[in-house]
Structure formats: structure tokens, C-alpha cells
Amino acid sequence: MSDGSGKLAHFNIALFAESDELIAACTKFARSNLAQYADGYLLGEDAWPHITLSQFIVEENKIASVWSAVESLRTDPIKLRFSHIYILPGVLIHKGKQWVGLALPANGEIFSLQKMVFDKLATLKIEGITKPNSYFPHLTWGRVKPNATLNLEDIPPDEFWRKEYSFVLSLGRSDAGGFGIYRERLFPTPVRSLNAV
């Protein structure tokens, strides 16, 4: 979807939490557990909690038309719950680092939505970075330095894991470093800033 008429930028189609309480809790857990180990990614300031569906690169001037093409894929909120904290080794440009966050249980609805987003981007001649055959639904807390000995002491209480949280389809600006940081919500129009949470 490139015609040379705009600057390329990174974006993220993601599920965005409707609850300020969840946004604040995820940011708190990330910062209290990982702040001393963080390397390039940590929730807070300009890094919003989110569940990625597809990262992609496209010209800035095309982004409104991308949203127009995907927004009808899911118009109502999706209710999700988390299953556990994950710690996974990084690959490719993240080799040697570790990723930490919240994993979701197997959910056919979210896998189906992710594939629909990926396929819709393909019809726009945009190659999604997040592939359906390797999709792992999660909410990242942060990326940590190599050989960090993590001691996760501030963990979500039992009721956190039992509760369902409401998420909406969104499109946000991402970082250019390939970390998948959700820096700014563009669509639907945001109603708050991260500093207000």
C-alpha cells in the first residue's frame, strides 16, 4: 500500500482495555516488578497496556483508510481474562532479552479476530508483522535485560485472575524500534491520556 506519497511509520491494531483500573493495575505491576531490569520496553508514560492483533508498517497518510477497512471486524467489546504471568526469551533482534507480561488462555474468538485483521491488511497490500501461525495473545509488561534474575513479588491477587476485562478494537501508533510499544491511540479517538490514569 505504498505509492511514495508519505512517510512510513509503525502501527499496531490491538485490543485496548476499556477499564482505567486495569490500565493502572498493569502499569503498576510492570513498573514495580521490572523497572530495575527494563530494557527498551516498560509500561507507563508513552507505553499503553494492550493486546496486539497485528503490527504493521504503512505510510502515515494511509492510516485513516486502514482503520476504515478494519473497524467493522469487531464493533462490540470483547471480554477476556488472563491466565498467568509469562516470561519468554526474545528472538531475532530481541535475542538474549526476556519478555514478561500476562498471557491469555486459548480463546478461539481472539485467534479468529487476529486472523481476520491479518487477512484484511493483506487485502490492502500490507504485510502484517504478527503472523496467525505464531500468534500468542498476551499483554506485555516489559522487556528485560539479559541474565536478569527476576523476582516477581508484586503479582496480581486471586480476584484479578477471576475477573473478565472488556477490550475494544483500536489502532495505535507504535515505536520504530520493533518492540511493539503502543505509544498513542489514534482510532477510535482516545478519551484520556496515560498520565491521567
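Here's a quick rundown of the structure. (Residues numbered from 1 in each chain as written. Predicted model: local features only at pLDDT ≥ 70, side-chain atom pairs only at ≥ 80, totals over all residues. Heavy atoms only, no water.)

Considering the overall build of the protein
- When you go through the protein residue by residue, the secondary structure sums to four helices and nine strands.
- Scanning the protein from its N terminus toward the C terminus, one meets helices and strands in the order β-α-β-β-α-β-β-β-α-β-α-β-β.
- In the protein, which comprises 197 residues, the share counted as buried stands at 47%.
- With an accessible surface of roughly 9,600 Å², the protein has 53% of that area assigned to carbon and sulfur atoms. (Helix = DSSP H or I, 4+ residues; strand = E, 2+ residues; numbered from the N terminus. Buried < 20%, exposed > 50% of the residue type's maximum accessible area, 1.4 Å probe, protein only. Areas by Shrake-Rupley, 256 points an atom, 1.4 Å probe, with all protein chains shown as cover.)

Looking at a nonpolar patch on the surface
- A grouping of L8, I57 and I129 is seen on the molecular surface, where their side chains present a nonpolar patch of about 270 Å² in accessible area.
- Relative to the helices and strands, L8 is located in strand β1 (residues 8-17). (Patch = residues over 30% accessible without salt bridge, like charges linked within 9 Å, V, L, I, M, F, W, Y side chains within 5 Å. Salt bridge = Lys/Arg side-chain N within 4 Å of Asp/Glu carboxyl O.)

Here's the deal with helix α3 (residues 108-123)
- Here α3 spans 23 Å end to end across 16 residues, near enough to the 22 Å set by a 1.5 Å rise per residue.
- The elements touched by buried residues of α3 are β1, β3 (50-59), α2 (63-70) and β4 (78-80).
- The N-cap residue of α3 is N107: its side-chain oxygen and the backbone nitrogen of E109 are 2.8 Å apart.
- Looking one or two places after α3, you find K125, whose phi comes out positive at around 65 degrees. (Expected span 1.5 Å × (residues − 1). Contact = heavy atoms within 4.5 Å. Polar contact = N/O pair within 3.5 Å; in protein donor to acceptor, adjacent residues only side chain to side chain.)

Here we look at helix α1 (residues 20-34)
- End to end, α1 covers 21 Å across 15 residues, agreeing with the expected 21 Å (1.5 Å per residue, within 8%).
- Of the positions making up α1, those classed as buried are L22, I23, A25, C26, T27, F29, A30, N33 and L34.
- In this fold, the buried residues of α1 make contact with β1, β2 (38-42), β6 (98-103), β7 (138-144), α4 (158-162) and β8 (165-174).
- The N-terminus of α1 is capped by S19, whose side-chain oxygen sits 3.1 Å from the backbone nitrogen of E21.

Quick notes on the environment of L113
- Position of L113 among the secondary structure elements: in helix α3.
- Placed 39 residues apart in sequence, L113 and R74 show a C-alpha to C-alpha distance of 7.7 Å.
- Look past the residues within four positions of L113 in its chain and what remains in contact with it is L15, L53, L73 and R74.

Brief notes about the pattern of salt bridges
- A full pass over the atoms with the stated rule returns 11 salt bridges.
- For the salt bridge of K97 with D39, the shortest nitrogen-to-oxygen distance reads 2.8 Å. Here K97 is found in the loop between β5 (84-89) and β6, whereas its partner D39 is found in strand β2, with 58 residues between them in sequence.
- Residues K115 and D119 are paired through a salt bridge, measuring 2.7 Å at the closest nitrogen-oxygen approach. One end of the pair is K115 and the other is D119, both in helix α3 and four residues apart, which spans about a single turn.
- Its relative accessible area of 42% is what places K115 among the partly exposed residues.
- Among the charged side chains, a salt-bridge network with shared partners connects D39, K97 and R143.

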